[in-house]
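Observations on the three-dimensional arrangement
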Amino acid sequence: MIEHKPDYQKSIVNLVSTFLKHFDCQTYHEEYPLEGSFEGILKHAKKIVIFLVDGMGYEKFAKMNEELNFQDVLKVSSVFPTTTTAAVTSWFTAKTPKEHGMLGYILYLREIGSITNMIEFSYPGVEGGMFSNMMKKRIHRLENVFDALREKELYGGVLTHASIANSGLSYLIHRNGHIMSYYYMGDLLATLKKRLSEDWTGILYVYWGHLDGLGHKKGPDSDAYTIEMKRILTELKRFSEESLNDETLLVITSDHGMIQIPPTRNNFLKPSDNFNRLLSSPPGGEMRMMYFYLARRNNVDLLKDYFNSNYPNTVDFLTPREALDLELFGTGRTHPELYNRIGDVIMVAREDNAFTYLYSGGEEKLSGMHGGLTSEELYVPAIFLHA
């Protein structure tokens, strides 16, 4: 059964709600309880920089912090699924996946009539092109943190890599934000330093995706991942010591963690496998959790039997109702397309098992994955730095 689930009292949704409340902006959820040494930490902050290091889990960070010695650190829950589409959208909207509807990397969209890569706006494994243009016409851009700041005549901006600015998911969640781009870390830090020297009050997001990319290829247990995380954190610590003033708060955090997947635990699923006959569409979701869209509702038991027979003791199954009762997707008003997007059966991988569906046949063999409900995937750090 499901061992861990998100804590929507101490989650990334609550933390960004705290930052909004600091500026007297409208919020939809309770604030993160800032207690002890964190009391009053926002008191003098005119500028809050939320630096998102994609794929940096709390457990990996905590081990490294024995050497780096960051002092003011919170352990924060991500959302479900523990994936960029759901979690970064929560960071930018201050809403749960249940509310914002970005419920996974691959989703069936009724509006398109197809499964869709929600980061690239493409059919899975196929480059976007006309498909991406159709997505932008049919899917509404989301109400977000920038709208709330704008109502109070405050600044809202995002500094992200040039390759993803205004594309796919960024297009959906960055509406009304001041969008800036960078190419390399030096470029990022120079742009950030210049922006902090200017006169504004509000929230600036910075997104760094390279650690997550490296983690997928090499795995979070690799030396490469460890060295890269240390490099990023060391540079940001030095930057904070040199460039922050007493009116600026830098929060280094993440969207989700990651787990190492042994090659023998990565199960490849082909469109020709028998279970596909039970479906009306290829599955959605992630490699660590999947949504199944059934051709008939009474195919549920047949689907479970197939996986329990062929991959015993590797997964748990939930109905959408069970997932909502457990509040896996959070609280709040249900997005009108939620049931269409999560399908009829939800499968969550146990331990370090994973399932790679071959949508195009060109899928990579990844060493690090996320999307599931292990503690490694579910918790992220929030490191508070100020002058």
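Conventions we followed
- Residues numbered from 1 in each chain as written.
- Predicted model: local features only at pLDDT ≥ 70, side-chain atom pairs only at ≥ 80, totals over all residues.
- Heavy atoms only, no water.
- Axes fitted to C-alpha atoms, helices over the stretch in contact; angles between N-to-C directions.
- Helix = DSSP H or I, 4+ residues; strand = E, 2+ residues; numbered from the N terminus.
- Parallel < 35°, antiparallel > 145°, perpendicular 65-115°, else oblique.
- Left-handed = near helix turned anticlockwise from the far one by under 90°.
- Contact = heavy atoms within 4.5 Å.
- Nonpolar A, V, L, I, M, F, W, Y, C, P; charged D, E, K, R; others polar.
- 1 Å grid on protein atoms, 1.4 Å probe; cavity = no way out; pocket = protein on both sides within 12 Å on 5 of 7 lines; lining within 4 Å.
- Points joined across faces, edges and corners; volume = space filled by probe spheres on them.
- Core = buried A, V, L, I, M, F, W, Y, C linked by side-chain atoms within 4.5 Å.
- Buried < 20%, exposed > 50% of the residue type's maximum accessible area, 1.4 Å probe, protein only.
- Expected span 1.5 Å × (residues − 1).
- Arc of directions from axis to C-beta.
- Phe/Tyr/Trp six-rings, centres within 6.5 Å; stacked < 30°, edge-to-face > 60°.
- Lys NZ or Arg CZ within 6 Å of the ring centre and 35° of its normal.

Attention now moves to the packing of helix α2 (residues 58-68) against helix α10 (residues 223-243). Axes are the key here: two packed helices are described by the angle between their axes and the distance separating the axes. Packing of α2 against α10 leaves a shortest axis separation of 11 Å and a crossing angle of 55°. Overall, the two elements α2 and α10 adopt an arrangement that is oblique. Crossing angle aside, the handedness with which α2 passes α10 is right-handed. Contact with α2, carried on its side by Lys60, Phe61, Met64, Glu67 and Leu68, involves Tyr225, Thr226, Met229, Lys230, Leu233, Thr234 and Lys237 of α10 and no other residues of that element. Here the contact of α2 with α10 is built from residues that sort into 6 nonpolar, 2 polar and 4 charged.

Moving on, we get to the layout of surface pockets. Estimated volume of the largest pocket: approximately 1,400 Å³. Those elements giving two or more residues to the lining of the largest pocket turn out to be α3 (84-93), β5 (155-161), α7 (168-173), α9 (210-218) and β15 (354-357). Tallying contributions element by element places α9 first for the lining of the largest pocket, with 5 residues. Residue composition of the lining of the largest pocket, by class: 19 nonpolar, 23 polar and 8 charged.

Now for the nonpolar core. Most often, soluble globular proteins have nonpolar side chains that are buried together. Judged by nonpolar contacts, the single largest core of 91 residues is most densely connected at Phe19, Trp91, Ile203, Tyr205, Phe292, Phe307 and Phe384. Looking at this core element by element, the count peaks at 6 residues for helix α1 (residues 12-22). Excluding residues within four positions of it along the chain, tyrosine 205 makes contact with Val16, Ile50, Leu52, Trp91, Phe92, Val145, Phe146, Gly157, Val158 and Leu159. Membership of the second largest hydrophobic core comes to 33 residues, among which are Val49, Leu159, Met185 and Trp200.

What follows is about helix α8 (residues 185-196). Helix length check: α8, at 12 residues, gives a terminal C-alpha distance of 16 Å against a target of 16 Å (1.5 Å per residue), a fit within 8%. Residues Met185, Leu188, Leu189, Leu192, Arg195 and Leu196 constitute the buried set of α8. Buried residues in α8, looked at end-on, bunch into an arc of 130°, giving them a common side. Exposed residues on α8 whose side chains face more than 90 degrees from its buried face are Gly186, Lys193 and Lys194.

Moving on: the environment of glutamate 228. Examined against the element boundaries, glutamate 228 turns out to sit in helix α10. For glutamate 228, a relative accessible area of 14% corresponds to the buried category. Spatially, the C-alpha atom of glutamate 228 lies 38 Å from that of threonine 334, the residues being 106 residues apart in sequence. Ignoring sequence-local partners within four residues, the contact set of glutamate 228 consists of Trp208, His210, Leu211 and Leu214.

What follows covers the environment of glycine 362. Looking at the secondary structure, you find glycine 362 in the loop between β15 and β16 (368-369). On the accessibility criterion, glycine 362 (61% relative accessible area) is exposed. Sequence spacing of glycine 362 and aspartate 7 is 355 residues, and the spatial spacing of their C-alpha atoms is 36 Å.

With that settled, consider the packing of aromatic side chains. Applying the stated rule across the entire model yields 21 aromatic pairs. With a centroid separation of 5.3 Å and 75° between ring planes, the pair formed by phenylalanine 38 and phenylalanine 384 is classed as edge-to-face. With phenylalanine 38 in the loop between α1 and β1 (47-53) and phenylalanine 384 in strand β17 (residues 379-386), this residue pair connects regions lying 346 residues apart in the sequence. Taken individually, phenylalanine 38 and phenylalanine 384 each receive the classification buried, so the pair is uniform in this respect. Where phenylalanine 292 meets phenylalanine 307, the ring centres are 5.6 Å apart and the plane angle is 50°; that geometry is what we call tilted. Residue phenylalanine 292 is located in strand β12 (residues 289-292), and its partner phenylalanine 307 is located in helix α11 (residues 300-310); the two are separated by 15 residues in the primary sequence. Phenylalanine 307 gets classed as buried once you look at its relative accessible area, which sits at 0%. Among the aromatic residues, those joined into a cluster by ring pairs are Phe275, Phe292, Tyr306, Phe307, Tyr311, Phe317, Phe355, Tyr357 and Tyr359. Lysine 95 extends its terminal NZ or CZ atom over the ring of tyrosine 28, reaching a point 4.8 Å from the ring centre.

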